[in-house]
Amino acid sequence: MREMWQERFAEAPDCLKNVRRHQTSVPVLDFAIGGGEFVTMAGPCSVETEFQLMATANHVRRAGARILRGGAFKPRSSPYSFQGLGLEGLKMLARARQESGLAIVTEVMSEEFVPLVAEYADILQIGSRNMENYSLIEAAARSGRPIMLKRGLVATVAEWLRSAQLILDNGNPNVILCERGIRTFETAMRNTFDAASVALLKQVSHLPVIADPSHASGRSELVPALARIAVAAGADGLLVEVHPNPAKAWSDGEQSLDFSAFDAMMAELEPWLAVCNRGASRRAKTHVRSLVAAG
Ligand code: PEP
Ligand code: MN
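All values derive from a computational prediction rather than experimental measurement.

Calculation rules
- Residues numbered from 1 in each chain as written.
- Chains lettered and ligands numbered in written order.
- Predicted model: local features only at pLDDT ≥ 70, side-chain atom pairs only at ≥ 80, totals over all residues.
- Heavy atoms only, no water.
- Helix = DSSP H or I, 4+ residues; strand = E, 2+ residues; numbered from the N terminus.
- Rg over C-alpha atoms; globule rule 2.2 N^0.38 Å.
- Buried < 20%, exposed > 50% of the residue type's maximum accessible area, 1.4 Å probe, protein only.
- Contact = heavy atoms within 4.5 Å.
- Areas by Shrake-Rupley, 256 points an atom, 1.4 Å probe, with all protein chains shown as cover.
- Lys, Arg positive; Asp, Glu negative; His and termini not counted.
- Charge placed at Lys NZ, Arg CZ, Asp CG, Glu CD.
- Donors = N, O, S within 2.8 Å, 3.2 Å for Na, K, Ca; no water.
- Polar contact = N/O pair within 3.5 Å; in protein donor to acceptor, adjacent residues only side chain to side chain.
- Core = buried A, V, L, I, M, F, W, Y, C linked by side-chain atoms within 4.5 Å.
- Near = heavy atom within 4 Å.
- Nonpolar A, V, L, I, M, F, W, Y, C, P; charged D, E, K, R; others polar.
- Pairing = 2+ DSSP bridges.
- Axes fitted to C-alpha atoms, helices over the stretch in contact; angles between N-to-C directions.

The next point concerns the overall build of the protein chain. Scanning the protein chain from terminus to terminus reveals 11 helices and 10 strands. For 295 residues, the compact-globule formula gives about 19 Å, and the C-alpha radius of gyration of the protein chain, at 18 Å, lands near that figure. The C-alpha extent of the protein chain, read off along each of the three principal axes, is 55 × 50 × 40 Å. Each of the 295 residues in the protein chain was classed as buried or not, and the buried ones make up 57%. Excluding contacts between residues fewer than 6 apart, the proportion of contacts in the protein chain whose partners are at least 24 apart in sequence is 70%. Total accessible area on the protein chain is roughly 12600 Å²; 53% of this is exposed by carbon and sulfur atoms. Between the averaged position of the 32 positive side-chain charges in the protein chain and that of its 32 negative side-chain charges there is a distance of 4 Å.

The next point concerns the coordination of the manganese ion (ligand 2). All of the protein donors around the manganese ion (ligand 2) are Cys 45 (SG), His 215 (NE2), Glu 241 (OE) and Asp 252 (OD); their distances to the metal are 2.1 to 2.4 Å. All donors of the manganese ion (ligand 2) belong to a single chain; written as a sequence motif, their spacing is C-x169-H-x25-E-x10-D. Linking His 215 in helix H8 (residues 213–217) with Glu 241 in strand S10 (residues 237–241), this pair joins segments that are 26 residues apart in sequence. Here the two residues His 215 and Glu 241 agree in accessibility, since each one is buried.

This part is about the side chain of His 243. Tracing the backbone through its elements, the reader meets His 243 in the loop between S10 and helix H10 (259–275). According to the relative accessible area criterion, His 243 is buried, its value standing at 5%. Reaching out from His 243, the side chain makes a polar contact with the side chain of Glu 48 at a distance of 3.0 Å. A distance of 2.9 Å separates a polar side-chain atom of His 243 from the backbone nitrogen of Asn 245. Those residues in contact with His 243, other than ones at most four positions away along the chain, are Pro 44, Glu 48, Gln 52, Lys 248, Ala 249, Ser 256, Leu 257, Asp 258 and Phe 259.

This brings us to the nonpolar core. If you look at the biggest cluster of nonpolar residues, it comprises 76 residues, and the most contacted ones within it are Leu 124, Leu 149, Leu 161, Leu 177, Leu 238, Phe 262 and Met 265. Judged by nonpolar contacts, the second largest core, of 15 residues, contains Val 28, Met 41, Val 105 and Ile 176.

Here Thr 106 lies in strand S5 (residues 103–107). Along the sequence, Thr 106 and Pro 208 sit 102 residues apart, while their C-alpha atoms lie 18 Å from each other. Ignoring sequence-local partners within four residues, the contact set of Thr 106 consists of Gly 70, Gly 71, Ala 72, Leu 90, Leu 93, Val 117, Ala 121, Ile 123, Leu 124 and Gln 125. Within the structure, the side chain of Thr 106 is placed 2.6 Å from the backbone oxygen of Gly 70, a separation counted as a polar contact.

Around ligand 1, the surrounding shell consists of Cys 45, Arg 69, Lys 74, Pro 75, Gln 125, Gly 127, Ser 128, Arg 129, Lys 150, Arg 180, His 215 and Glu 241. In this structure, an oxygen atom belonging to ligand 1 sits 2.9 Å away from a side-chain N or O atom of Gln 125. Side-chain polar atom of Lys 150 to an oxygen atom of ligand 1: 2.9 Å apart, as the coordinates give it. For ligand 1, the protein covers 98% of the area, taking 290 Å² as the surface of the free molecule. Residue classes in the shell around ligand 1 are distributed as 2 nonpolar, 4 polar and 6 charged.

A separate point is the sheet that holds S5. On the basis of which strands lie adjacent, the closed barrel formed by 8 strands has the order S3-S4-S5-S6-S7-S8-S9-S10 and parallel pairing. Averaged over all neighbouring strand pairs, the angle between strand axes comes to 25°, with direction disregarded. In the sheet, strand S9 (residues 209–211) pairs with S10 via 2 bridges, with the strands oriented parallel. Looking across to S10, one finds that Ile 210 is bridged to Gly 237. Contacting strand S4 (67–69) and S5, helix H3 (residues 87–100) crosses the sheet at an angle of about 160° to S5.

Rendered as structure tokens:
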């Protein structure tokens, strides 16, 4: 790796590639993130009702997702907005996991809830607003669960990697980085998707990188295009918000895909994954094999 990157990311030495470690593969259930397979995490912004969650879980699984996302503890821009169902939401996620076989990623917002959320989640999400909440990050790291660390709203790549380093320092090697857009002068979209950060991280870091086109754009119609860009930039997977009826979603409806838009996005990604020589879901692999067999 170029010396300039080593200097720039000097506070995160263990996140950088070296002769012994080129790529971390984070084990989840019977698969891995960063192990070559392109992994899609999909589901509602917030867990709302049993019906909403089960319908979404069953649908996204059939479309090739491996992981169900859904917030039970929600960091909202306004303290007066819906804050999540808490424990009731975690229990719904557990039932969805059992019924669908999908792994669960969900956010933990405070240190005191780490043991509870870790009981229900396969992956703990540290949200953007908490990317520099070091006591929360340390507690989450020590739970032993894989951690998905979202990039802070105004965090540089170096600051983001410094938080990832803290997780490694606490004995947890299973760190997944998630680029979810940053604040810039542009206001037409909710955030600015930093595709270059994905490309950079794939060059300098061995940690898997997930792209979140939903929070990056804030607009459902932009999500498929950003997903394709993420594949081209080398992302290891996607985090996408999906809701049975986005117009009625309790949070982030304007950026959530409905079921048919999610199906279309997943189908459209397959040739892009094939071009980038990336395996996707089993369904996508079978599809690519049938294309090859057909000559
Ligand atoms: C979320 O994933 O629903 C979320 C709140 O994300 P972020 O922390 O990136 O805003
Ligand atoms: Mn959201």
